[in-house]
Amino acid sequence: MTPSISDLPASPCSQPHHETTTDDTIDTEILIVGAGPAGAALACFLGSYGLKGIMISAAPGTANTPRAHITNMAALECLRDIGLEQEINQVACSGDQHMVHTRWCHSMAGEEYARIHSWGNDPKRKGDYETASPCSPVDLPQTLLEPILVRHAILKGFTTRFDTTLLSFIEDNGIITATVTDNLSRHEYRIRTRYLFGADGARSQIVKQLNLPLAVKPGQGLAINVLVRADLSHLVEHRKGNLHWIMQPDRKHPDFGWMAIVRMVKPWNEWMFILFPTKDFDPRANPSREKYLQRVREFIGDETPVEIVDISKWSINEIVAEEYSRGNVFCLGDAVHRHPPLNGLGSNTCIQDAFNVAWKIAYVHQGLASPTLLASYSTERQPVGHSIVTRANQAFRDHADIWDALGMLNEDVESRRAALEELSAVTRNGQKRRRALQEAISHTCHEFHGLGVEMNQHYSGSGIYDADESMPYALRGKAAKDPVLYHEPSTYPGCRLPHVWLHKTVPGKPVSTIDLAGHRTFTLFTGVGGESWKIAAESVSKELKVPLKACSIGFRQDWEDMYYGWERVRGVGESGAVLIRPDRFVAWRASAALENAEMCERKLGEVSRSILGY
């Protein structure tokens, strides 16, 4: 008998989230494949709406190596929405203590070539970061992030099974049946679901079976992660930083370890040495553990005891899917965007993918929006994926100018040594080389202070209503000149809601606009003279049965704009309105109140129905 929608539980809020049938098939509303940052975050976000399901992972458990580690403000705002920011900050390393610099040096214990402030710690950029978000970037290895997310997902109702591999899936009359296997018992069974999510990483079986078109550019080679235990606390007092590029142009090097990036995993006794091989290195080669240990010791530069914990290889890819979904199958995270870790965009983009699609699935599943809303996920997030893949790979290419200035690109050790010595020479060539190094180092600010690429994301399409705008969206000011470096807060439809601290008339604890919005509801901001919008919001919410709250900001309103921060960024008049989606992106705005509450209600209803796909 062909399964139908009616075969599945009608609502995960009122029924068991999965049921085992007699033919070895489990019924569930949602199946997430992958329990990394993308899949586990998605389960957390869906769980916050009361949705339940199953999450499987082919891995034996959560991440056993640090992998991603920079957690930026955009991702933290998503996790803040479900109350996880405090728990994350308790286990993370703070940005102002552990992410102060990026350094280029001969060894961890040796001479330094140059350094640059990073991640909001440049005195000239601190204000940009502080005004962009109520959150602050942190260093949080994936080994610590994933257990937090998985535990929260389980508590919210997602059954989680590791050592479980997806083999294939079929779709029939809107029902997806996935065949999976338990890696330990080799027992195969089926999971029948309404929605399937491919968060299964760079070798995604779901992307492969869907045959999603991939935009692939030539990769930039191989990298080797060597995780070590080594107490370097005696070195870090004057070397605090998130990344340490180590280059030894005056010495011979093995093919597997031309140079390295060293990053702290746990202060200050666990470190990741990311080794970059030469172009002549055979990727199939497996140097001995002793050789890796010797190279790590050379990069440290003193007699510090070292223990290798893990060695793994990975490819530097430049790949993005041209579409993220087909029907009720949605792909996110590394499954659809693969790139080097530069700019720290990887897991952050995974989390934001999940935050975007979660509210749409929840609203459609609960009958609050049309299924057509789901198409906006790919429309909105694919351009973001393309931009971050491009940026991360460009950041990697930008380092070639530093390597050249230090002599690392020369073939033989004699010419490399001569180039390094020339940096100190009182000659025209020495001056030229020093200038080249300075310019190349300065340009890496696009990697280490790329606030714009993190926060300037702009959506368009059916999930946004911009028909009332007189001009197309465009960045302005410094952000227009350098959209990678600078963030421009804006309420133009499709932009991230600007962060502004607000107060009460009788001062108390301030609240961010970020915290007034989100939390699974639409939010309408208005101001003095905008009472009609608040009345309209209440009516539209009742009519559409959609959670929509409204508040006013301004002199003697619900919230006081004491520093006039909201007035500077709101983009509308005092009586205007700004409508924010549950994912805290601006959906629509009106420059002023209309003639009466009835007209405001009619307009707000029209806008809301459009965004929800009706």
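Residues numbered from 1 in each chain as written. Predicted model: local features only at pLDDT ≥ 70, side-chain atom pairs only at ≥ 80, totals over all residues. Heavy atoms only, no water.

1. Observations concerning the domain arrangement of the protein chain
Then, number 1: Domain annotation of the protein chain identifies domain 1 (25-95 + 135-216 + 318-373), domain 2 (218-317), domain 3 (393-454) and domain 4 (495-612).
Then, number 2: Computed over C-alpha atoms only, the centres of domain 2 and domain 4 are separated by 51 Å. (Domains from an automatic or database assignment.)

2. Considerations on the sheet that holds strand β5 (residues 93-94)
Then, number 1: On the basis of which strands lie adjacent, the open sheet formed by three strands has the order β4-β8-β5 and antiparallel pairing. Strand pairing shows two members of the sheet lacking a second neighbour, β4 (70-71) and β5, which therefore form its edges.
Then, number 2: Two elements, β5 and strand β8 (residues 138-139), share two bridges in a ladder whose sense is antiparallel. Residue pairing in the sheet places S94 in a bridge with V138 of β8. (Pairing = 2+ DSSP bridges. Helix = DSSP H or I, 4+ residues; strand = E, 2+ residues; numbered from the N terminus.)

3. Considerations on helix α9 (residues 346-365)
Then, number 1: Between the first and last C-alpha of α9 there are 29 Å, a value that for 20 residues agrees with the 28 Å anticipated at 1.5 Å per step.
Then, number 2: Two residues or fewer past α9, G367 is found with a positive phi of approximately 75 degrees. (Expected span 1.5 Å × (residues − 1).)

4. Some details on helix α20 (residues 597-611)
Then, number 1: Its 15 residues place the ends of α20 21 Å apart at the C-alpha level, agreeing with the 21 Å of an ideal helix rising 1.5 Å per residue.
Then, number 2: Among all positions of α20, only C600, K603, L604, G605, V607, S608 and I611 are buried.
Then, number 3: For α20, the side-chain oxygen to backbone nitrogen distance between the N-cap and E598 is 3.1 Å, and the N-cap itself is N596.
Then, number 4: Within two residues after α20, G613 carries a phi angle of roughly 90 degrees, on the positive side. (Buried < 20%, exposed > 50% of the residue type's maximum accessible area, 1.4 Å probe, protein only. Polar contact = N/O pair within 3.5 Å; in protein donor to acceptor, adjacent residues only side chain to side chain.)

5. Side note on the environment of A419
Then, number 1: The residue A419 is located in helix α12 (residues 413-422) in this model.
Then, number 2: Its relative accessible area of 3% is what places A419 among the buried residues.
Then, number 3: Each C-alpha atom, one on A419 and one on A92, is 40 Å from the other, the two residues being 327 residues apart in sequence.
Then, number 4: If we ignore the near neighbours within four places in the chain, the residues touching A419 are G407, N410 and R433. (Contact = heavy atoms within 4.5 Å.)

6. Some points on the nonpolar core
For soluble globular proteins, nonpolar side chains are generally found buried alongside one another.
Then, number 1: F45, L46, F197, L579 and W588 are the most contacted members of the largest nonpolar core, which totals 105 residues.
Then, number 2: A per-element tally of this core places α9 first, with 11 residues.
Then, number 3: Two domains each donate at least three residues to this core, and these are domain 1 (25-95 + 135-216 + 318-373) and domain 4 (495-612).
Then, number 4: Contacts of F197, omitting those with residues within four sequence positions, involve I30, L31, I32, V33, L42, L46, I206, F330, L332, V357 and I361.
Then, number 5: Counting residues in hydrophobic clusters, the runner-up holds 36 residues, among them M259, I402, L437 and F448. (Core = buried A, V, L, I, M, F, W, Y, C linked by side-chain atoms within 4.5 Å.)

7. Side note on the UniProt feature "domain: FAD-binding" (unreviewed entry) in the protein chain
Then, number 1: The positions UniProt marks with the feature "domain: FAD-binding" (unreviewed entry) are residues 27-391.
Then, number 2: Structurally, residues 27-391 comprises 29% helix and 30% strand, and the distance from its first C-alpha atom to its last is 41 Å. (UniProt positions renumbered as here; feature names shortened; annotations may be inferred.)

8. Re the sheet that holds strand β27 (residues 577-580)
Then, number 1: The mixed open sheet is built from four strands, whose spatial order is β26-β25-β27-β28. Each edge of the sheet is formed by a strand with only one pairing partner; in this case those strands are β26 (548-552) and β28 (586-590). On average, adjacent strands in this sheet sit at an angle of 15 degrees to one another, irrespective of strand direction.
Then, number 2: Where strand β25 (residues 522-526) and β27 come together, three bridges link them in antiparallel fashion. Paired with F525 across the two strands is V578, which belongs to β27. (Axes fitted to C-alpha atoms, helices over the stretch in contact; angles between N-to-C directions.)

9. Quick word on the side chain of S541
Then, number 1: Residue position: S541 is located in helix α18 (residues 531-544).
Then, number 2: One polar contact links the side chain of S541 to the main-chain carbonyl oxygen of V546, over a distance of 2.6 Å.
Then, number 3: With residues up to four places along the chain from it excluded, the contact list for S541 reads V546, P547 and L548.

10. Here we look at the side chain of T521
Then, number 1: With respect to the secondary-structure elements, T521 resides in the loop between α17 (513-516) and β25.
Then, number 2: In this structure T521 touches Y363, P547, K549, I580, R581 and P582, once residues within four positions along its chain are discounted.

11. Remarks on the environment of V306
Then, number 1: With respect to the helices and strands, the residue V306 is situated in the loop between α8 (289-300) and β18 (307-315).
Then, number 2: With 228 residues separating them along the chain, V306 and C78 place their C-alpha atoms 38 Å apart.
Then, number 3: In contact with V306, other than residues within four places in its own chain, are V228, R229, A230, L293, V296, R297 and I300.

12. Some details on unusual backbone geometry
Then, number 1: The amide bond that connects P267 to the next residue, W268, takes the cis arrangement and shows omega of -10 degrees.
Then, number 2: Structurally, the position occupied by W268 is in the loop between β16 (259-266) and β17 (270-276).
Then, number 3: Positive phi outside glycine occurs at N173, with the angle close to 55 degrees.
Then, number 4: Among the residues examined, N173 registers a relative accessible area of 57% and is labelled exposed.
Then, number 5: Of note, K545 is a non-glycine position whose phi angle comes to about 60 degrees, a positive value.
Then, number 6: You can see K545 is positioned in the loop between α18 and β26.
Then, number 7: By relative accessible area, which is 63% here, K545 ends up exposed.

13. Quick look at the pairing of strand β15 (residues 243-246)
Then, number 1: Of the two faces of β15, the one carrying L243 and W245 and the one carrying H244 and I246 are both buried.
Then, number 2: Pairing analysis gives four bridges linking strand β6 (residues 101-105) to β15, with the strands arranged parallel. Within the sheet, the bridge partner assigned to T102 lies in β15 and is L243.
Then, number 3: Pairing geometry for β15 and β16, over four bridges, is antiparallel. Residue H244 lies in a different strand from β16, and its bridge partner there is V262.

14. Things to note about the packing of α9 against helix α10 (residues 376-398)
Then, number 1: Packing of α9 against α10 brings their axes to within 10 Å, and their N-to-C directions diverge by 170 degrees. In terms of orientation, α9 and α10 fall into the roughly antiparallel class. Seen from α9, the contacting residues are T349, Q352, D353, N356, V357 and K360; seen from α10, they are S376, Y377, E380, R381, V384 and I388.
Then, number 2: Looking at the contact of α9 with α10 residue by residue, the classes come out as four nonpolar, four polar and four charged. (Parallel < 35°, antiparallel > 145°, perpendicular 65-115°, else oblique. Nonpolar A, V, L, I, M, F, W, Y, C, P; charged D, E, K, R; others polar.)

15. Quick notes on the environment of T164
Then, number 1: Residue position: T164 is located in strand β10 (residues 164-172).
Then, number 2: Spatially, the C-alpha atom of T164 lies 5.9 Å from that of I56, the residues being 108 residues apart in sequence.
Then, number 3: Beyond its immediate chain neighbours, meaning those up to four positions away, T164 contacts I56, S57, A58, V180, T181, N183 and Y189.

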